[in-house]
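The primary structure of each chain is shown beneath.
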Amino acid sequence: LAKTTQPISMDSYEGQEVNITCSHNNIATNDYITWYQQFPSQGPRFIIQGYKTKVTNEVASLFIPADRKSSTLSLPRVSLSDTAVYYCLVGEATGGFKTIFGAGTRLFVKA
Amino acid sequence: GAVVSQHPSWVICKSGTSVKIECRSLDFQATTMFWYRQFPKQSLMLMATSNEGSKATYEQGVEKDKFLINHASLTLSTLTVTSAHPEDSSFYICSAQNRDRAGANVLTFGAGSRLTVL
């Protein structure tokens, strides 16, 4: 299983774009990259998933370089309600998807 | 979208009793579910992989006789904390494996169950 490394914490202000980078140097060919958001005392919530290049949905974008050894979650114009812990997970998406959570990034959005 | 229901959301019990937590996939079938525990301000720690119709696979260091997992149907997995002690107090979260429209695996998580053992 590919190990992931993220910054422990980040601060931002409302309205700013926030980019959180995750390193996964030993990602395997069949691995996908998935990001989750977790609020206190709640289960994680799916944000976005990708394999290569760029993926965008209604809440975020995911940028993956050609070597796939890292990925960047981009949150446009954050609000106070985006204060949460963000986890980057790497795992095989077509077979069993055993997940090992890293420490995550604690994002704090200030007014 | 896919929904996973976890029950109870919180439970308080006396030391020595057993507690059962249910995890249900409401609108999809899940042959594989996962159980995690999370301590305050820490990440989720995978406890075991629950496979429908077969024995669960436990992570190293997790006592299988302490944390009984049963995945008797395609929509239900249960975690029973047997003879609970205060050190078992934690936030327990389940997830179910599902596939998105592109066929890739996605995990849907339950809301979690907070266990407090007195």
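Residues numbered from 1 in each chain as written. Chains lettered and ligands numbered in written order. Predicted model: local features only at pLDDT ≥ 70, side-chain atom pairs only at ≥ 80, totals over all residues. Heavy atoms only, no water.

Caption draft 1: Molecular detail of the interface of chain A and chain B. Every contact between the two is made by 23 residues of chain A and, on the other side, 23 residues of chain B. With both sides pooled, the region where chain A packs onto chain B buries about 1,600 Å², and carbon together with sulfur makes up 51% of that total. Taken together, the links from chain A to chain B amount to zero salt bridges. Linking chain A with chain B are six residue pairs in polar contact (both at pLDDT 80 or more), by the criterion used here. For the side of chain A that touches chain B, the secondary-structure elements that each account for two or more residues are strand E3 (31–38), strand E4 (45–50) and strand E8 (84–92) of chain A. With three residues, the top contributor of residues to the side of chain A that touches chain B is E3(A). In terms of residue class, the side of chain A that touches chain B is built from ten nonpolar, ten polar and three charged. (Contact = heavy atoms within 4.5 Å. Buried area = accessible area lost by both parts, 1.4 Å probe. Salt bridge = Lys/Arg side-chain N within 4 Å of Asp/Glu carboxyl O. Polar contact = N/O pair within 3.5 Å; in protein donor to acceptor, adjacent residues only side chain to side chain. Helix = DSSP H or I, 4+ residues; strand = E, 2+ residues; numbered from the N terminus. Nonpolar A, V, L, I, M, F, W, Y, C, P; charged D, E, K, R; others polar.)

Caption draft 2: Examining the state of the cysteines more closely. Residue and element names in this part refer to chain A. For the structure shown, the criterion picks out two disulfides over all chains. With its sulfur 2.2 Å from that of its partner, cysteine 22 forms a disulfide with cysteine 88. Handedness of the cysteine 22-cysteine 88 disulfide follows from its S-S torsion of about -75°: it is left-handed. Taken together, the positions of cysteine 22 in strand E2 (residues 18–23) and cysteine 88 in strand E8 put the pair 66 residues apart, joining distant regions of the chain. For the residue pair cysteine 22 and cysteine 88, the accessibility class agrees, reading buried in each case. (Disulfide = S-S within 2.5 Å. Buried < 20%, exposed > 50% of the residue type's maximum accessible area, 1.4 Å probe, protein only.)

Caption draft 3: The nonpolar core, seen in detail. Counting residues in each nonpolar core, the largest one holds 25 residues, and the members touching the most others are B:Trp35, B:Tyr58, B:Phe67, B:Ile69, B:Leu79, B:Tyr92 and B:Leu115. Looking at this core, the elements that each hand over two or more residues are strand E2 (10–13), strand E3 (19–25), strand E4 (32–38), strand E5 (45–51), strand E7 (67–73), strand E8 (76–81), strand E9 (90–99) and strand E11 (113–117) of chain B. (Core = buried A, V, L, I, M, F, W, Y, C linked by side-chain atoms within 4.5 Å.)

Caption draft 4: Molecular detail of the pairing of strand E5 (residues 53–56) of chain A. All names here are of chain A. Where E5 and strand E6 (residues 61–64) come together, four bridges link them in antiparallel fashion. Paired with valine 55 across the two strands is leucine 62, which belongs to E6. Counting the residues that bridge the hairpin from E5 to E6 gives four residues. (Pairing = 2+ DSSP bridges.)

Caption draft 5: How the structure looks around the environment of A:Asp31. Residues and elements named next belong to chain A. Among the secondary structure elements, aspartate 31 is positioned in strand E3. In this structure, the C-alpha to C-alpha distance between aspartate 31 and isoleucine 8, residues 23 residues apart in sequence, is 23 Å. A polar atom in the side chain of aspartate 31 sits 2.9 Å from the backbone nitrogen of alanine 28.

Caption draft 6: Representation of the sheet that holds E3(B) within the structure. Residue and element names in this part refer to chain B. The antiparallel open sheet is built from four strands, whose spatial order is E1-E3-E8-E7. Bordering the open sheet on either side are strand E1 (4–7) and E7, each of which pairs with just one other strand. Pairwise comparison of adjacent strand axes, ignoring direction, gives a mean angle of 15° for this sheet. In this structure, E7 lies alongside E8, joined through five bridges in antiparallel fashion. From the neighbouring strand, asparagine 70 faces E8, where its bridge partner is threonine 78. (Axes fitted to C-alpha atoms, helices over the stretch in contact; angles between N-to-C directions.)

Caption draft 7: Broad picture of the sheet that holds E2(A). Residue and element names in this part refer to chain A. The strand order across the open sheet built from four strands is E2-E7-E6-E5, with neighbouring strands paired in antiparallel fashion. With one partner strand each, in any of the chains shown, E2 and E5 form the two edges of the open sheet. For this sheet, the mean inter-axis angle between neighbouring strands, taken without regard to orientation, is 15°. Here three bridges tie E6 to strand E7 (residues 70–75), and the two strands are oriented antiparallel to one another. Each residue of the ladder has a partner; that of phenylalanine 63, found in E7, is threonine 72.

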